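# Tertiary structure, described
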Amino acid sequence: MPKRWTNDLNWSDVTPRADFMNRRQIMAGAGALAIGAIAAPALAAIETVESRYSTDETPNTLEEISSYNNFYEFGTGKGDPAKNAGALTTDPWSVAIDGLVDKPGNYGLGDILSGVTMEERIYRLRCVEAWSMVVPWVGFELATLLNRVGVQPSAKYVYFETLVRPEEMPGQRYPMLEWPYREGLRLDEAMHPLTILATGLYGEELPNQNGAPLRLVVPWKYGFKSIKSIVRISLVEEQPQATWNMLIPNEYGFYSNVNPEVDHPRWSQASERKIGGGLFSAKVPTRMFNGYADEVAGLYAGMDLAKYY
Ligand code: MTE
């Protein structure tokens, strides 16, 4: 079992990925020899921390997670992102953090990660659209970053934008969506510990098609809220624009909480098909808030979820 631990290492101290995989194997070997308890600091540095929110359900394979995607910047087919996203340059990368914050600025990815005082955290979370997957994300709480930049009291929402770079994002040469892709969360949703910024999956950097180098994951909401390849995070007072809500407001609301009781105007949202269960696998009932009701239902106490869909 991974154990919870802390030290003063930063993400910037993380071992490069090839070494990481090797050392993991060494760790596994060390464990087998029952000398894990005296692991050297270099080995300890890659010990993983499992989120308390991780599910016990079996994760989907890397192949499944990285070959069936929605990322319209690279095309509208589920296979297009895997085919076309390889050309995206993700290093260097910076994120503008602005609006109602104490320390606005352009933050390099390394800088963002150096503010996260643990080297790696694994979240095995369910994600749901009409289909569902369990993904072992590597990430950290969005709240950690927001607290670091200092959210001002007047901020009520967080707004996110994806990169616009048509030279590398062929889908952006067409007005399928109004670019940039944008999303928003209410501040309390954004500060919830289940809301993470993911930088990897399966202990590796994020594949580009999954939103490298930094994407949002909000597991109790439909997948489209989980915006990829983020370059702007703004703290704002008014409810911000969100891509699908702008495009088809009667079908996609701002909240987009997973809710089997509220149908999409054109289809039922009561069940989902699990990716990896085989092409003709039976659908399974979708759970309220995607199974995270105990954690997040309180955020919506007293709200009419048929109205605020
Ligand atoms: N982010 C951007 N920038 N562009 C997109 O088209 N698609 C969304 C979301 N984030 C999308 C995006 C949708 S509809 C889904 S279901 C998820 O990404 C899919 O994430 P995955 O491919 O990692 O499973």
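One structure accompanies this document, and this report is about it. (Residues numbered from 1 in each chain as written. Predicted model: local features only at pLDDT ≥ 70, side-chain atom pairs only at ≥ 80, totals over all residues. Heavy atoms only, no water.)

### Examining the side chain of Arg 126
If you trace the backbone, Arg 126 turns up in strand β4 (residues 121-128). For Arg 126, a relative accessible area of 12% puts it in the buried group. Excluding anything up to four places from it in sequence, Arg 126 contacts Thr 55, Glu 57, Met 133, Val 134, Pro 219, Arg 287, Asn 290, Gly 291 and Tyr 292. (Helix = DSSP H or I, 4+ residues; strand = E, 2+ residues; numbered from the N terminus. Buried < 20%, exposed > 50% of the residue type's maximum accessible area, 1.4 Å probe, protein only. Contact = heavy atoms within 4.5 Å.)

### Some details on the pairing of β4
Of all 8 residues in β4, 6 are buried, a share of seventy percent or more. Pairing geometry for β4 and strand β5 (residues 131-141), over 7 bridges, is antiparallel. Bridged to Arg 126 within β5 is Val 134. The hairpin turn running from β4 into β5, its antiparallel successor, is 2 residues long. (Pairing = 2+ DSSP bridges.)

### Comments concerning the site of the ligand
Within the structure, the ligand sits among 15 residues, and Asn 69, Tyr 72, Glu 73, Ser 226 and Lys 228 are positioned closest to it. In the environment of the ligand, an oxygen atom lies 2.8 Å from a nitrogen or oxygen atom belonging to the side chain of Asn 69. With the chains in place, 93% of the 530 Å² that the ligand exposes on its own is no longer accessible. Within the shell around the ligand, the residues separate by chemical class into 5 nonpolar, 6 polar and 4 charged. (Near = heavy atom within 4 Å. Polar contact = N/O pair within 3.5 Å; in protein donor to acceptor, adjacent residues only side chain to side chain. Areas by Shrake-Rupley, 256 points an atom, 1.4 Å probe, with all protein chains shown as cover. Nonpolar A, V, L, I, M, F, W, Y, C, P; charged D, E, K, R; others polar.)

### Some details on the nonpolar core
Core analysis: the largest hydrophobic core is formed by 68 residues, its most contacted members being Leu 125, Trp 137, Phe 160, Leu 216, Trp 220 and Ile 233. Per element, the largest residue contribution to this core is 5 residues, and it comes from β5. Leu 216 has contacts with Leu 142, Phe 160, Leu 185, Thr 195, Ile 196, Leu 197, Lys 225, Ser 226, Ile 227 and Ile 230, leaving out every residue within four places of it along the chain. (Core = buried A, V, L, I, M, F, W, Y, C linked by side-chain atoms within 4.5 Å.)

### What about the pairing of strand β11 (residues 230-236)?
Pairing of strand β2 (residues 94-99) with β11, which is carried by 4 bridges, proceeds in the parallel orientation. Counterpart to Ile 97 in the pairing with β11 is Ile 233. Bridge count for strand β6 (residues 157-162) against β11 is 6 bridges, and the pairing is antiparallel. Paired with Thr 162 across the strands is Ile 230, a residue of β11.

### Considering the pattern of salt bridges
The tally for this structure, following the rule as stated, stands at 14 salt bridges. The shortest N-O distance in the salt bridge between Asp 98 and Arg 232 comes to 2.2 Å. In this pair, Asp 98 sits in strand β2 while Arg 232 sits in strand β11, placing the two residues 134 residues apart along the sequence. On the basis of relative accessibility, which here comes to 21%, the residue Asp 98 falls in the partly exposed class. Judged by its relative accessible area of 28%, Arg 232 is partly exposed. (Salt bridge = Lys/Arg side-chain N within 4 Å of Asp/Glu carboxyl O.)

### Some words on the side chain of Arg 186
Mapped onto the fold, Arg 186 is located in strand β7 (residues 182-186). Look at Arg 186 and you get buried, because its relative accessible area is 14%. Those residues in contact with Arg 186, other than ones at most four positions away along the chain, are Lys 156, Tyr 157, Phe 254, Tyr 255, Leu 299, Tyr 300 and Met 303.

### Regarding the sheet that holds β7
Strand order in this open sheet of 5 strands is β3-β2-β11-β6-β7, and the pairing throughout is mixed. Since the sheet does not close on itself, it has two edges, and those belong to β3 (105-108) and β7, each with one partner. Neighbour-to-neighbour, the strand axes of the sheet open up by a mean angle of 20 degrees, direction not taken into account. Judged from the 5 bridges that link them, β6 and β7 form a sheet pairing that is antiparallel. Following the sheet pairing, Glu 161 is matched in β7 by Arg 182. Each of β2, β3, β6 and β11 touches helix α6 (residues 142-149); the most contacted strand, β11, lies at about 60 degrees to it. (Axes fitted to C-alpha atoms, helices over the stretch in contact; angles between N-to-C directions.)

### Structural notes on unusual backbone geometry
The residue after Asp 91, namely Pro 92, is reached through a cis peptide bond having omega 5 degrees. Here Pro 92 shows up in the loop between α4 (80-84) and β2. Here Trp 179 and Pro 180 are connected by a cis peptide whose omega angle stands at 0 degrees. Inspection of the secondary structure puts Pro 180 in the loop between β6 and β7. A positive phi angle, near 45 degrees, is found at Ser 229, a position not held by glycine. Tracing the chain through its elements places Ser 229 in the loop between β10 (215-217) and β11.

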